[in-house]
Amino acid sequence: MILSPLQLRMELAYRRRVLFAVELVDAVTLERVSQGISVAAVGLRGAPVVNTSGLFVWFEEDFERLRRISIDPGSRPYEHVELTAQQVQRPLTTVELPPRIDYPFATGVTGLRGTVIESQVLPPRTPEPVRDAEVRLRWLSEEAEWHDAPTATHTDARSGDFVSILRFGPTEKPAINANGEVTVQLRVRRGEVS
């Protein structure tokens, strides 16, 4: 008996099951990014595969061995990010990559660049920078309530320089004064102190 090609049974050559995936998003543009960035799952044997959608995907192994996810932006203008195993959602974890001080902002982005120092000193002394502090803008709503911007950044480990951005959700309404200005505060947190 001769079988025609339509009668042949298809054999599944290789099947992989996804353990979890990580989506990296530019916190300023909200676009997915993957090129030039290294992502590692500390504790797992396998390395991620970047799929055609730009997701970092790990395949089935013992999830309990996961200790943390480490995201190294390489030369891309984002901060290094670490996630604990408890922060990893299955099947997909989305991570907004905070901009570094060298991020090339486009026109229309509301943000602030600056330096956080311990105290003002007189020359020739150099002020002591505040290193690795969390920085976030806060904005005043129409209801006179303060709201944190969704993205926290950090001061540079050497200089204390930082960049912070302000982004509103579609239903958020900031208070705008007669000059068209928004009222903001800069919030700096070192350890548990802000």
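Treat the numbers as computed from the prediction; the structure is a model and nothing was measured. (Residues numbered from 1 in each chain as written. Predicted model: local features only at pLDDT ≥ 70, side-chain atom pairs only at ≥ 80, totals over all residues. Heavy atoms only, no water.)

**Focus: the overall build of the protein chain**
For clarity, the threshold we go by: Numbering of helices and strands runs from the N terminus, with a helix taken as a DSSP run of H or I at least four residues long and a strand as a DSSP run of E at least two residues long. Just to be clear, the radius of gyration here is over C-alpha atoms, and the globule rule we use is 2.2 Å times residues to the power 0.38. Exposure is judged per residue with a 1.4 Å probe applied to protein chains only, and the accessible area is read against the type maximum: over 50% gives exposed, under 20% gives buried, and values in between give partly exposed.
Within the protein chain one finds zero helices and 13 strands. Starting at the N terminus, the α and β elements of the protein chain follow one another as β-β-β-β-β-β-β-β-β-β-β-β-β. Taken against the 2.2 N^0.38 rule, which gives 16 Å for 194 residues, the C-alpha radius of gyration of the protein chain at 23 Å runs more than 25% over that of a compact globule. Overall, the protein chain is about 95 × 40 × 30 Å in size when its C-alpha atoms are taken along their principal axes. For the protein chain, buried positions account for 34% of its 194 residues.

**Some points on the sheet that holds strand β6 (residues 81-84)**
Think of a sheet as strands paired side by side through backbone hydrogen bonds, with each pair either parallel or antiparallel. Put simply, the rule reads: When DSSP finds two or more bridges between a pair of strands, those strands are recorded as paired. For helices, the fitted line uses only the C-alpha atoms of the stretch in contact; every axis is such a line through C-alpha atoms, and the angle between N-to-C directions lies from 0 to 180 degrees.
Spatially, β2-β5-β6 is the arrangement adopted by the three strands of the open sheet, whose pairing is antiparallel. The two strands at the open ends of the sheet, each matched to only one other strand, are β2 (38-42) and β6. Each neighbouring strand pair of the sheet contributes to a mean axis angle of 15 degrees, computed without reference to strand direction. Pairing between β2 and strand β5 (residues 68-72): five bridges, direction antiparallel. Within β5, the position partnered with A40 by the bridge is S70.

**With respect to the environment of Q35**
Note that Q35 resides in the loop between β1 (18-26) and β2. A relative accessible area of 65% places Q35 in the exposed class.

**A short note on the packing of aromatic side chains**
Convention followed: Stacked, tilted and edge-to-face are the three classes applied to pairs of Phe, Tyr and Trp rings, where Trp contributes its six-membered ring and a pair requires centres within 6.5 Å; stacked means planes under 30 degrees apart, edge-to-face means over 60, and tilted covers the rest.
Inspection of every chain in the model, using the stated rule, returns five aromatic pairs. Measuring from centroid to centroid gives 4.7 Å for F20 and W58, while their planes differ by 20 degrees, and the two rings are stacked. With F20 in strand β1 and W58 in strand β4 (residues 56-59), this residue pair connects regions lying 38 residues apart in the sequence. For the pair shown, F20 and W58 are each scored as buried.

**Examining the sheet that holds β4**
What the four strands build is an open sheet, ordered β3-β4-β1-β7; its pairing is mixed. Of all the strands in the sheet, the pair left with one neighbour each is β3 (49-50) and β7 (92-97). Pairing geometry for β3 and β4, over two bridges, is antiparallel. Paired with V50 across the two strands is F56, which belongs to β4.

**Points about a nonpolar patch on the surface**
Worth spelling out the cut-off: For patch building, the residue pool is restricted to those with more than 30% relative accessible area and no salt bridge; the joining distance is 9 Å between like charges and 5 Å between nonpolar side chains (Val, Leu, Ile, Met, Phe, Trp, Tyr). Each accessible area value is a Shrake-Rupley result obtained with a 1.4 Å probe; residue values ignore everything except the protein chains displayed when judging cover. The working definition used for a salt bridge is a side-chain nitrogen of Lys or Arg within 4 Å of a carboxyl oxygen of Asp or Glu.
Together, F168, I176, V182 and V184 make up an exposed nonpolar region whose accessible area comes to about 310 Å². Along the chain, V182 falls in the loop between β12 (161-166) and β13 (184-189). Overall, the relative accessible area of 32% leaves V182 in the partly exposed class.

**A look at the pattern of salt bridges**
A pair can form between side chains of opposite charge whenever their charged atoms are brought close. On inspection of all chains with the given rule, the structure shows nine salt bridges. We note a salt bridge from E23 to R32, for which the minimum N-O separation is 2.7 Å. We classify E23 as buried; its relative accessible area is 13%. For R32, a relative accessible area of 39% puts it in the partly exposed group. Salt bridges sharing common partners tie together R138, D148 and R187.

**What to know about the environment of T153**
In plain terms, the rule: It only takes one pair of heavy atoms within 4.5 Å for two residues to be counted as in contact.
Its location among the elements puts T153 in strand β11 (residues 153-154). Since its relative accessible area comes to 0%, T153 is described here as buried. Put simply, T153 and E134 are 19 residues apart on the chain and 5.7 Å apart in space, counted from C-alpha to C-alpha. Discounting chain neighbours no more than four positions away, the residues touching T153 are E79, P98, P99, A133, E134, V135, V163 and S164.

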